[in-house]
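# Structure assessment
This is what each chain is made of:
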Amino acid sequence: MSNVLGLDILGHVFAPLPLLMVLGGAIMIALAQVGFGTGFRALASLRPLLTARPDDERDNARALLFKVEAVAQLKGLARADRLESTHPFVNQTLTTLANAADAEHFALWVHQAIHDRRARHGRVIAFWNALADAAPAVGMAGTIVGLIGMFAQMSDPAAIGPFMALALMTTLHGLILANAIAGPIANRLSALSEREIGWQQAMADRMIAIARREANPFQRASIREVA
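## Here we look at helix 3 (residues 36–44)
The set of residues buried in helix 3 consists of T38, G39 and A42. Projected down its long axis, helix 3 carries its buried residues within an arc of 105 degrees, all on one side. Seen from the open side of helix 3, the exposed residues pointing more than 90 degrees away from its buried face are F36, F40 and L43. Of the surrounding secondary structure, the elements contacted by the buried residues of helix 3 are helix 2 (16–34), helix 4 (46–51) and helix 7 (103–152).

Written out as structure tokens, the structure is:
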């Protein structure tokens, strides 16, 4: 008997109508705020949410910087693109460093690239925050619809149950979507973004310093004599 009751409760909890009402309504509100393009990128962000390793990427970037220093001192920055990394941003930065007209052009490019990455991350995080904000409101709207249905069926007690379930389940789904799914995803992505942008900014600053040093013939000559 208890097993049957438990299955019946689960059937109400995962009933498709209240679930689709809350999820669909919250997603539409979030998309209206950030746009459909950002919505697709927000869904794509679920993969790096689970696989991103910013600390390992930072350590690999630091190790690569020593190689960049060595290549710059021995062969010049034009050979920097011979180095390889598993991170797309690092590879793009090495290629741009090797082909930049001068240090200032490289600095302008890398600062803009990091700014653009931070902006893209911010838009994706905004989608999940918007979803977390909208979910309880949509759940409350479903609750009101359920209550209206209950009052409209007061003359038929047997018809009240489905509307009561709708009223309660939409509130529950709204709270779960906001506090157990969208909110934690937004917080996790925000933390990952800060750590990723942090090591990329540090790497960019070091590469700019190398490029400016190589552009200074007196400083470059003194370093190579010491080496």
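## A few points about the nonpolar core
The nonpolar side chains of soluble globular proteins are, as a tendency, buried together. Counting 28 residues, the largest nonpolar core has L64, V68, L94, L97, V110, M203 and M207 as its most contacted members. Secondary structure elements with two or more residues in this core: helix 5 (54–74), helix 6 (88–99), helix 7 and helix 8 (160–215). The element that contributes the greatest number of residues to this core is helix 8, accounting for eight residues. In this structure, V110 is in contact with F89, T93, A204 and I208, ignoring residues within four places of it in sequence.

## A word on the pattern of salt bridges
Where charged atoms from two side chains of opposite charge come close, those side chains can pair. Following the criterion strictly, the structure yields eight salt bridges and no others. When the shortest N-O distance is used, the salt bridge between D59 and R58 registers 3.1 Å. Residue R58 is classed as partly exposed on the basis of its relative accessible area, which comes to 27%. For E104, the salt bridge is made with R212, and the minimal N-O distance between the two is 3.0 Å. Of the two residues, E104 is situated in helix 7 and R212 in helix 8; the sequence distance between them amounts to 108 residues. Shared partners join several salt bridges into a network, and the residues in it are D55, R58, D59 and R195.

The rules behind these values
Throughout this document, residue positions are counted from 1 along each chain, in the order its sequence is written. Since the coordinates come from a predicted model, pLDDT governs what is reported: local features require at least 70, and pairs of side-chain atoms require 80 or more to be given and counted, while whole-chain, interface and lining totals use all residues. The basis for the side-chain values is all heavy atoms of the structure; hydrogens and waters are excluded. Categorising residues by exposure relies on relative accessible area from a 1.4 Å probe, with only protein chains included: less than 20% of the type maximum marks a residue as buried, more than 50% marks it as exposed, and the intermediate range marks it as partly exposed. Here a helix means four or more residues in a row that DSSP labels H or I, a strand means two or more in a row labelled E, and each is numbered from the N terminus. What the arc covers is the set of directions going from the helix axis to the C-beta atoms. Any two residues whose heavy atoms approach within 4.5 Å at even a single point are treated as in contact. Residues belong to a common nonpolar core when they are buried Ala, Val, Leu, Ile, Met, Phe, Trp, Tyr or Cys residues joined through side-chain atoms within 4.5 Å. By definition, a salt bridge exists where a carboxyl oxygen of Asp or Glu is found within 4 Å of a side-chain nitrogen of Lys or Arg.

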